[in-house]
Each structure stands twice: as structure tokens, then as C-alpha cells.
Amino acid sequence: MAATDVLTDEQFDRWLADASRGPATVVGLDLTARPLSIADEDLGATVFVGCQVTGELAARLAAQGCSVLGEVDALPIPVGRRDVYRVAELYGGFDPAEPGSWSRTLDHRGWQWFIDPDLAVPRTLDTAGLLGARIHDAMIEAALGRCLRSLNRPVVGVMGGHDTARSNPLYADIARFAREVTRRGRLILTGGGPGLMEAANLGAFLAPYDDAELEHAMATLRPASDYTSHEWLATACAVRTRLLGAWRAEEEPASCSIGVPTWLYGHEPPNLFATHSAKLFFNAVREDGLVTIADGGILFAEGNAGTVQELFQDATQNYYRPSGPDAPPPTPMVLFGRDYWSRPAHEPPTPDPTTGTITDKRKPLLPLLGQLAAEKAFADAILVTSDLEAALDHLAPRPVEAHAERGLAWRRAD
């Protein structure tokens, strides 16, 4: 029997009163005022995650076979999460008028705890810290599943470079694309960071607003493309304040989109336009989740190694999809920017003779992707284009169709 998620006091009372109840996962509740007699009930293999319990209640629960996973002292973030993050929580303590105030936020504390500042890689965690981070990510994964079920829309992913400037015309193209996808009843999903991820979340955010507001927002953001600067966040706050009255205010339901950032890249702050952020410590969970959730397909814009990784993870899911007459079709893939993804393999990039850097980042990717698609018959799912309308028609045709099967793992029923 699947365990029931118990997230509120009311749900706990109903579950406890149900004589036919099965095991549950009780998350983040304060049980300190509850009578000890609740531990005399037959609770089976119930798991209590991040709940406040007295020592005696914890001992009684453990004695009858329950698991009690409390908060981890070393972790600066509660593990017993019931919801994904919202902007006001991740950026609590940030002041647009005060440079350096990001250091007071929950987002910064998570990065500071997880990453070694000298080596810029994850710290070596002790067992308690490792368990705390794993539990946190599991709770976020479950919360994201509930969020997706409640929103109940096909999900279209947008992957692309974190370092694309706000002034780059591609930024505006991706924002307009995401706004139209949202207006067509899809849910935009990104990695939640800066660059083209921000552009896509911005476009979704502006779905209920007119063209003039989109242009005003991009004009406000354009001068501050350095995502490590205070101005990058402050200008985003200005856009939110103009539209919502206060930058921490809750967004319009029609502005909804998802970001899945990671503290592995914590120096890339999450953008302020993803209305729901499933921020994770472990990037491997994040990357697999991104392509799995995107049951309506993915647009891959210009990007770096991370975007290439996501592209081939998506191709892998199409490659190993179930076979047979009732198998789901491959999910659509758009490689946006024909020249970018079609670099001839016999034309290797040439470093700049002065700096030694490579500025031409076009990728010779199509031959390998084409080989995989031919082997497992998903070539028709792939569109290589520089035309936004063609990309829209491939990923967000009308009307809204049923969700593809592969996204259901993240929408599983309680």
C-alpha cells in the first residue's frame, strides 16, 4: 500500500481517525502539543519528516516501528518541506536598495553551506549533512509533484545558456516564445537560473500582460546583465514591483512557471520570474528531473555544456522509451538556432590569437543526434529551426493534448 502524504493538521486528524488507514509520510507538522497517546495507535511504518516532536513522543513512535527524521542541525534550511520555494522565501532579507543584501537570504545560506568557497565544489559532508541534503531534495521532489498535479498542464521545457546577456536579441526571442507557450495553456519549465532560463520564466510571467509591459520589462532589465551583480536582482525587483505593487507580492495565476535551480551552481542566483522554484542541492537529480517533467517537449536554445547534457538526456529518454503498439510517442525536441547546432565537424573552432578563448561556440551536434534518432525512430520528433513560429507549432500546437506518459512519475497520486 502506498503511503499517504500528510501535510496539514487537518489531514493528520483525518488520517488518525480513519480505522482503515495505511502508513503515511507526515511532513513538517508541530506535534509537541499532541497527546502522547497518538503513539499508542497502530501507525504501521509511518515516517515523520521534519516534524517537531518531544523526546518522549519520538521514542514512543520509534518503539512501534515508525521512522522519525528530524531537522539536521548542520543544514541551514528545514528538511521537512511541504511546498516548493517562492520568490519571497528564497529572497527573504534581500533589499533592492542595499547592495550586498543577497548574503542575508535563504538562497545564499544554502549555497554557503553546500559549496566550498575556495574550491568552488561541494563540501565533503558528514553523514548527517549528506542525509539532510538528500532528505531536503526528496521533499522538494515530492512537493514539485504535488505542484505539477495541481497546475495540471503539459510542461514545455526551455533550456539554454545561463550567460546569455539580457541585451542579446535571443533573450527577447525566448521571452516572447515562452509568453506565447503559456498563453496556449502550457506550463514553462526551466533550470531556474539567469540568462535564457530567466528569459523563459520572464515570458511566462508576462503572459497576462500586454506587449507594452513586455517591452518595458526588457528595457528595465537590459542594462544589468551581470547576474553576479546587485543590479541584476534589483532590476528584476523593479519589474515585479511595477506589475505586482511590491516585488515580494504573490504573482498572478496566469503568470505561473517552474524553475528547478541547484545550489551546485549557487553563484548563479535563481531568477525572480519563476513563480515556483524547486531548488535542489544535487544537480544529478535536477538534470534528470528537468527532462523527465517536460512531457510537452523541450526547446534547446544556444547554451553550453549543461544545455548539451540536457539535450542528450532528453534524447536518451526518447531512445529508451517503451516499445509496442500502446507505447507513448517520443516527446518533441526543438533545436533552436539552425546555425548554432549545425556546425560542420570538419570546421573546429579557432581560439582568439590574443586571449586564447573561443568565442564561436557553435556545436557540431546534429550528426550524433541524427544517428540516435534513426536507430530508435524518433527523427520526426526533432525540429531544427531558427523560426519561433515553427518552434511553437512543434511544441505547443492547439488544442492542449493529454500529458505524455513519461511525465507521470513526477505527478504521481498521493
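Residues numbered from 1 in each chain as written. Predicted model: local features only at pLDDT ≥ 70, side-chain atom pairs only at ≥ 80, totals over all residues. Heavy atoms only, no water.

1. Thoughts on unusual backbone geometry
Here comes step 1: For A120, which is not glycine, the phi torsion reads 60 degrees and is therefore positive.
Here comes step 2: Even without being glycine, N152 reaches a positive phi, approximately 55 degrees.

2. Quick word on helix α8 (residues 211-221)
Here comes step 1: Buried within α8 we find E213, L214, A217, M218 and L221. An end-on view of α8 places all buried positions within 135 degrees of arc, on one side of the element.
Here comes step 2: Close packing links the buried residues of α8 with α6 (169-183), α7 (196-205) and α9 (230-244).
Here comes step 3: A distance of 3.2 Å separates the backbone nitrogen of A212 from a side-chain oxygen at the start of α8, and that oxygen is part of D210. (Buried < 20%, exposed > 50% of the residue type's maximum accessible area, 1.4 Å probe, protein only. Helix = DSSP H or I, 4+ residues; strand = E, 2+ residues; numbered from the N terminus. Arc of directions from axis to C-beta. Contact = heavy atoms within 4.5 Å. Polar contact = N/O pair within 3.5 Å; in protein donor to acceptor, adjacent residues only side chain to side chain.)

3. Remarks on the environment of G259
Here comes step 1: Mapped onto the fold, G259 is located in strand β9 (residues 258-259).
Here comes step 2: Other than its neighbours up to four places away in sequence, G259 contacts T190, G192, A274, H276, S277 and A278.

4. Let's talk about the packing of helix α11 (residues 305-319) against helix α13 (residues 366-376)
Here comes step 1: Taken N-terminus to C-terminus, the directions of α11 and α13 make an angle of 15 degrees; their axes are 10 Å apart at the nearest point. One way to sum up the angle between α11 and α13 is to call them roughly parallel. For the pair α11 and α13, the sense of crossing is left-handed. Residues L311, F312, A315 and Y319 of α11 form the contact with α13, whose participating residues are L368, L369, L372, E375 and K376.
Here comes step 2: A class-by-class count of the residues in the contact of α11 with α13 yields 7 nonpolar, no polar and 2 charged. (Axes fitted to C-alpha atoms, helices over the stretch in contact; angles between N-to-C directions. Parallel < 35°, antiparallel > 145°, perpendicular 65-115°, else oblique. Left-handed = near helix turned anticlockwise from the far one by under 90°. Nonpolar A, V, L, I, M, F, W, Y, C, P; charged D, E, K, R; others polar.)

5. A few points about the nonpolar core
Here comes step 1: Core analysis: the biggest nonpolar cluster contains 100 residues, and Y91, I174, F281 and L299 have the highest contact counts within it.
Here comes step 2: Discounting chain neighbours no more than four positions away, the residues touching L299 are G157, V158, M159, I174, F177, V334, F336, A391 and L395.
Here comes step 3: Counting residues in each nonpolar core, the second largest holds 16 residues, with L31, F48, C51 and L57 among its members. (Core = buried A, V, L, I, M, F, W, Y, C linked by side-chain atoms within 4.5 Å.)

6. Digging into the sheet that holds strand β8 (residues 187-190)
Here comes step 1: Taken together, 7 strands build an open sheet; the order of strands is β10-β9-β8-β7-β11-β12-β13 and the sheet is parallel. This sheet does not close on itself; its edge strands, each paired only once, are β10 (276-277) and β13 (382-385).
Here comes step 2: Bridge analysis of strand β11 (residues 298-300) against strand β12 (residues 333-336) gives 3 bridges, and the strand direction is parallel. Within β12, the position partnered with F300 by the bridge is L335.
Here comes step 3: Its contacts with the sheet place helix α14 (residues 388-395) against β7 (155-159), β11, β12 and β13, and it is angled at close to 170 degrees to β13. (Pairing = 2+ DSSP bridges.)

7. Section: the environment of F300
Here comes step 1: With respect to the helices and strands, the residue F300 is situated in strand β11.
Here comes step 2: For F300, a relative accessible area of 0% puts it in the buried group.
Here comes step 3: Linking F300 and P322, residues 22 residues apart in sequence, is a C-alpha distance of 24 Å.
Here comes step 4: The residues touching F300, leaving out its near neighbours within four places in the chain, are M159, T307, E310, L311, D314, M333, V334, L335, F336 and W341.

8. Quick word on the pairing of β12
Each regular strand displays side chains that alternate between the two surfaces of the sheet.
Here comes step 1: Of the two faces of β12, the one carrying M333 and L335 and the one carrying V334 and F336 are both buried.
Here comes step 2: For the crossover that starts at β11, traverses α11 and ends in the parallel β12, the hand is right-handed.
Here comes step 3: Strand direction decides the pairing type here: β12 and β13, joined by 4 bridges, are parallel. Bridge pairing in β13 places V334 opposite L383. (Right-handed = clockwise from strand over helix to strand, strands pointing away.)

9. As for the confidence of the model for the chain
Here comes step 1: Looking at the chain as a whole, the pLDDT averages 92, with 95% of positions reaching at least 70.
Here comes step 2: Predicted confidence is poor over residues 402-406, with pLDDT under 50, and the contacts of this stretch with residues over four places away or in other chains come to 15 contacts.
Here comes step 3: Under a pLDDT of 50 for its full length, residues 408-414 has, in the predicted model, 25 contacts with residues more than four places off or in other chains. (pLDDT = per-residue confidence, 0-100.)

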